[in-house]
Amino acid sequence: MEKLTFTPDERQRLTHRYRVLRRKLGQLISPDDAAGLRAAIREAAETGFYHRDRFGFNPVNRGLANVMALCDEISPDRNMAIAILMFNPCRHGFMSLDTLSERWGEDVAHMVDGLIKVSSLYSKSPSVQSENFRNLLLTFAEDIRVIIIMIIDRLTLMHAINHHADTDGVNMVAHEANYLYAPLAHRLGLYAIKSQLEDMSLKYTRRDIYSRIAHKLNETKASRDAYIHNFIAPVKTKLEEAGLKFDIKGRTKSIYSIWNKMKKQKNDLEGIYDLFAIRIVLDSAPEHEKRDCWLAYSLITDMFRPNPSRMKDWISIPKSNGYESLHITVYGPDERWVEVQIRTRRMDLVAEKGLAAHWRYKGIKSENDLDAWMNNVRDILETADSGQLELMRNMRMNVYDKEVFVFTPRGDLYQLPLGATLLDFAFHIHTRIGEHCTGGKVNGKNQKINYKLSSGDTVEILTSPSQQPKQDWLNFVVTSKARNKIRVSLKEIESRAGELGKELLQRRCKNRKVEIDDATVSRIVKKMGYKTITEFYSDIADGHLDVNQVIETYEAMERKAVEADPVRISADTYVMQPNDETDETGRPGDVIVIGEGIKGINYRLARCCNPIYGDDVFGFISAEGVIKIHRCDCPNAVNIRQRYPYRVIHTRWSGKIGSQFGATLRIVGRDDIGIVTNITSIINKERSTTLRNISIESHDGLFQGFVVVGVNDQSSLNQLIKKLKTVKGVKDVQRD
């Protein structure tokens, strides 16, 4: 394998980054760890186990850049840093996971294994439209640290590809950052990373829009800074007088969020007033955090008129990703709305770098709902059946939508998206509870399943064993979990009903001696306006469609086809043979000859009587032009000859038709021990006969069975019938 060569610039950056990382990681990386990593990376590079990516970037430098971003954007971590650096050598076979586990621990090997799985999916181009995309997300959902590492990797890559010549690759990376990594960063509370990813995605995919907004922001920077200063000055004085210790600053919203506001409000940049927010970060002891935040809130709302509809209290009930803050919008100087965020130093750290980054990979248990959300992700992925684009829409909806918080009668708190119904809550608790939900009690009052919940509601679910999901439930549930579970249940119910309906139609057709095959059923389904054959059979099972009506529809279609399109037989259709047979009037008639080696005739053996070689047969020209061969003693023969004499054609055998014929025998006898064994033994001993199917029913000491056998001709079948009649206990054997 070819050795990875470093350019002078790459070597200089490598040395610089390594020294910086040693300082950032500090005591987290021991001298032995550092020496082992340095030796492994050098050996892997020299023996050709490193490969440049599609953009030509050096993988060693990329790994070091990722670890630096991990330290800067989130927090230093020994295991994650080693996993990032050893991922590429392990992926290309330089070191096994077992060896990695022995040298740096099982936890590192576990993370590297997850990263390898993700990279294998990326090699298959996991676009949002592909099945690999779902597998990719499932792999992410196994370990939050894998998500964090991939988000960090995407962040450093996005910084590196600005103005890269591979425009297709840049666009692909930018789109993935927007539809996948930014939402995941948002859900993990990594808001700073999320904003960077969204801004760079807009920059690379719509550079004209990005540049225009950035240019206008630069033009108005001086006036914005002056406004922020004028707003902050009196607020700062009030807070200091109250004895609060704090930092206060103004920040401009991200370019991506500004662009979204322009689209939503259908306005230009000049018409967007809330371009910036004021953030107050308090230095408060843990026991005084809420008190100090509400004190600051009171002081600011005394100075400026607040907008009650824009007030957000994420201190009393934090977001599911751990975000805590008070958001208020006040009417500031120059008649402009200003958003003010109030939080403590601890809350600000969580908001900037994410709660999961601090507790999840350190083995600390948290009461936060992050694990519940990851379980919900798995539910969405495993039950989604409406395509990858719908899957991604559900993912983004669950990430970005506002939230409501409801309680169970025992006081357990649950979080749902805004607009969630009582039925959504039932499915959130458990799938079976949702499937059997009939309603519930909200704050002690009975409510229907489509009742929309509000924050603070206490909800008790009522169920019934007889309840099952209904199609109209999909019209009001809002959570993807509920929607997907309902769809799966409806399909299962429809499938079971379809099987029952199919059996019912087949049984009724057999009783009325009507032959309907799958092709005929398809025509009936289309004629009756059904979209799928399952819906058709399901309606038969439910009684919404009468079986007799289906059979009558088929017979009407047959009559109409005959009347509208009289049968015209071309000379090429039949093989004419000299014969002395006559028709019913005594005049000579045409005869078609069927059998092995005969070509030019489109015929099929009728299922209602299953003729075999040697039977007396006749041909019947069906509506679709196929000649169906019936036995002369077929149960339908009399009806066919009476109603369609002009479509009946004399037929005789020329030779056997390749393989064996199927024949059904009806056997009646005493229900004695061993009689079935004796019957099957005789059939199996016959050289030219094979047993295809057998079904036996017993009642009051008697049994009736139907046996399907494969035979070569009529004489073989007659011989078999004689032998079966000699079996002790068999009363009668008849060909069906």
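The structure under discussion appears in the preceding block.
None of these values were measured; they are calculated from a predicted model.

Engineer: Would you mind showing me how to read the pattern of salt bridges here?
Structural biologist: When the charged atoms of two side chains lie near each other, side chains of opposite charge can form a pair. On inspection of all chains with the given rule, the structure shows 22 salt bridges. Here Arg-291 and Asp-292 are joined by a salt bridge, their closest N and O atoms 3.2 Å apart. Here Arg-291 falls in the exposed class, since its relative accessible area comes to 52%. Among the residues examined, Asp-292 registers a relative accessible area of 7% and is labelled buried.

Engineer: I tried to follow the packing of aromatic side chains on my own but got confused; where do I start?
Structural biologist: Any aromatic ring pair is given by two values, namely how distant the centres are and how the planes are angled relative to each other. This structure, assessed with the given rule, holds twelve aromatic pairs. Aromatic pair Phe-536 and Tyr-537: ring centres 5.4 Å apart, planes at 55 degrees, arrangement tilted. Tyr-537 matches Phe-536 in its accessibility class, with the two residues each being buried. Grouping aromatic residues by their ring pairs yields a cluster made of Tyr-191, Trp-314 and Tyr-323.

Engineer: Just to check I follow, could you spell out the side chain of Thr-680 for this structure?
Structural biologist: Residue position: Thr-680 is located in helix H26 (residues 675-685). Residue classification places Thr-680 among the buried positions, given a relative accessible area of 18%. Contact partners of Thr-680, with chain neighbours within four places excluded, come to Leu-691 and Ile-694.

Engineer: Any chance you could explain unusual backbone geometry here in plain terms?
Structural biologist: Its identity is not glycine, yet His-163 carries a phi of approximately 65 degrees, on the positive side. According to the relative accessible area criterion, His-163 is exposed, its value standing at 62%. Non-glycine residue Asn-610 carries a positive phi angle of around 45 degrees. Of note, Asn-610 is situated in the loop between strand S13 (603-605) and strand S14 (617-621).

Engineer: Looking at this structure, how should I read the pairing of strand S9 (residues 437-442)?
Structural biologist: Two faces belong to every sheet, and in a regular strand the side chains alternate between them. Bridge count for S9 against strand S11 (residues 459-463) is five bridges, and the pairing is antiparallel. From the neighbouring strand, Gly-439 faces S11, where its bridge partner is Leu-462. Of the strand pairs in this sheet, S9 and strand S10 (residues 445-447) are connected by three bridges, and their pairing is antiparallel. When the bridges of S10 are listed, Val-442 appears paired with Lys-445. Hairpin connection, S9 to S10: the antiparallel pair is bridged by two residues, and Asn-443 has positive phi, about 55 degrees.

Procedures and definitions
- Residues numbered from 1 in each chain as written.
- Predicted model: local features only at pLDDT ≥ 70, side-chain atom pairs only at ≥ 80, totals over all residues.
- Heavy atoms only, no water.
- Salt bridge = Lys/Arg side-chain N within 4 Å of Asp/Glu carboxyl O.
- Buried < 20%, exposed > 50% of the residue type's maximum accessible area, 1.4 Å probe, protein only.
- Phe/Tyr/Trp six-rings, centres within 6.5 Å; stacked < 30°, edge-to-face > 60°.
- Helix = DSSP H or I, 4+ residues; strand = E, 2+ residues; numbered from the N terminus.
- Contact = heavy atoms within 4.5 Å.
- Pairing = 2+ DSSP bridges.

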